Amino acid sequence: MLFLVKTSNNRLILLILFYIIYLFFGAVVLDNLESPHEARLIKELNKYVETFRQRHNNCFSVAELNEFIIDVSVANDQGVPAIKNVSKEQNWSFGQAVFFSGTVLTTIGYGDVYPQTQLGKIFCILFASFGIPITLLLLYAIIERLMIKTSRALDIFINKFQPALNKISVISHPIERSHMHILFAFVCTVKVFVLFFLIPSAIYAHIEGWSYLNAFYYCFISLSTVGLGDYVPGDSDSQKHRHLYKIFSTLYLIIGVMIMVWLLEIYSETPEFNFYKYFTLSKEGILTHHIETVHPAASRIEVSDLEKKDSTISYRKYSSEKNELYNPIDSPKNNHMSNDSEKILHESNSNSNYLSTTNADIPIQQQ
């Protein structure tokens, strides 16, 4: 058992190293892509400033021009662009305030508009301190209910399509329930991609005048809660019904983030995509991974086994039926495990204090 724990820790070290390498890989690629573009912009800007001064017969110095540009830049950073600002609607309207509150609660935080007053900053801290935990609680409660519906949808999906796919399959091995898990996750991904990325991108591209790539980029950056703030809807001075538009954009962001969490939960509950088991210190996770690795036959449910069972709800955390679980340890084939796995399970049951200092243990319901 200690060997399995050590193996898990070694994998964690490798994951940290991979994460650092991936971080620097992104930095190198972005530096090489963006630096030449930035240098070209600086060169063009310097050329334009010199041309502008010559056009006006050098009536003001470079220092005066720089001071003017700094003032304009500061105002723009505070959400007050100088272009057409006389006729432009103020940023802190009700619609903008709703949009800002939504980006705070979802932790997107574009940064294009933010509180300027001391009281506003204090309120923002208190608002986020209470609002973000409430948002997480709301997301968890909704996702839990969605996953119950998803489990039933998965069961219907398997019962409807697995027999048909086995009939038309050209592969010698039958399509198992685990394969249907993967296919179901892929179908859900396609639906989310179309409904929350492709279609909204087309809508934003039409309304904002963005290119489709920029609109898709905005949707992805927003729903992944990165929120860079380089593209923000409703900031055009000619935007009609700006209040209503901002409110609908806020609803899109909140619902979109919830759907992204739901999709991630589907993948985490799909055994083939549950990579957490390679790094967990929980007793059940280590044993599950050991059985799947050393005794893979004990971690699968064959088609013949499924035919003996009634309709099942597959996502174990969200199943209301204790006996309707799909779990590698609780598989009907666990009676065929070798003595090594039986010994490990026996030792784990006799050691109730195993890894008692960790809170990562996730109970596995027994059939």
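Residues numbered from 1 in each chain as written. Predicted model: local features only at pLDDT ≥ 70, side-chain atom pairs only at ≥ 80, totals over all residues. Heavy atoms only, no water.

Draft legend 1. Broad picture of the overall build of the protein. Of regular secondary structure, the protein possesses 10 helices and zero strands. Helices and strands appear in the protein in the N-to-C order α-α-α-α-α-α-α-α-α-α. In the protein, which comprises 367 residues, the share counted as buried stands at 34%. Restricting the contact set of the protein to residue pairs at least 6 apart, pairs at least 24 apart contribute 70%. Total accessible area on the protein stands at roughly 23,200 Å², and carbon and sulfur atoms take up 65% of it. (Helix = DSSP H or I, 4+ residues; strand = E, 2+ residues; numbered from the N terminus. Buried < 20%, exposed > 50% of the residue type's maximum accessible area, 1.4 Å probe, protein only. Contact = heavy atoms within 4.5 Å. Areas by Shrake-Rupley, 256 points an atom, 1.4 Å probe, with all protein chains shown as cover.)

Draft legend 2. A look at helix 6 (residues 212-223). Taking 1.5 Å as the rise per residue, helix 6 with 12 residues should run 16 Å; its terminal C-alpha atoms sit 16 Å apart, in good agreement. Along helix 6, the positions that sit buried rather than exposed are Ala215, Tyr218, Cys219, Ile221, Ser222 and Leu223. Buried residues along helix 6 sit against helix 3 (94-105), helix 5 (177-208) and helix 7 (242-268). Two residues or fewer after helix 6 comes Thr225, characterised by a positive phi angle close to 60°. (Expected span 1.5 Å × (residues − 1).)

Draft legend 3. Expanded view of the packing of helix 3 against helix 4 (residues 118-168). Where helix 3 contacts helix 4, the axes come no closer than 8 Å and their chain directions differ by 60°. Between helix 3 and helix 4, the angle is such that the two are oblique. Every residue of helix 4 that contacts helix 3 at Phe100, Ser101, Val104 and Leu105 is listed here: Cys124, Phe127, Ala128, Gly131, Ile132 and Thr135. Partitioned by chemical class, the residues of the contact of helix 3 with helix 4 number seven nonpolar, three polar and no charged. (Axes fitted to C-alpha atoms, helices over the stretch in contact; angles between N-to-C directions. Parallel < 35°, antiparallel > 145°, perpendicular 65-115°, else oblique. Nonpolar A, V, L, I, M, F, W, Y, C, P; charged D, E, K, R; others polar.)

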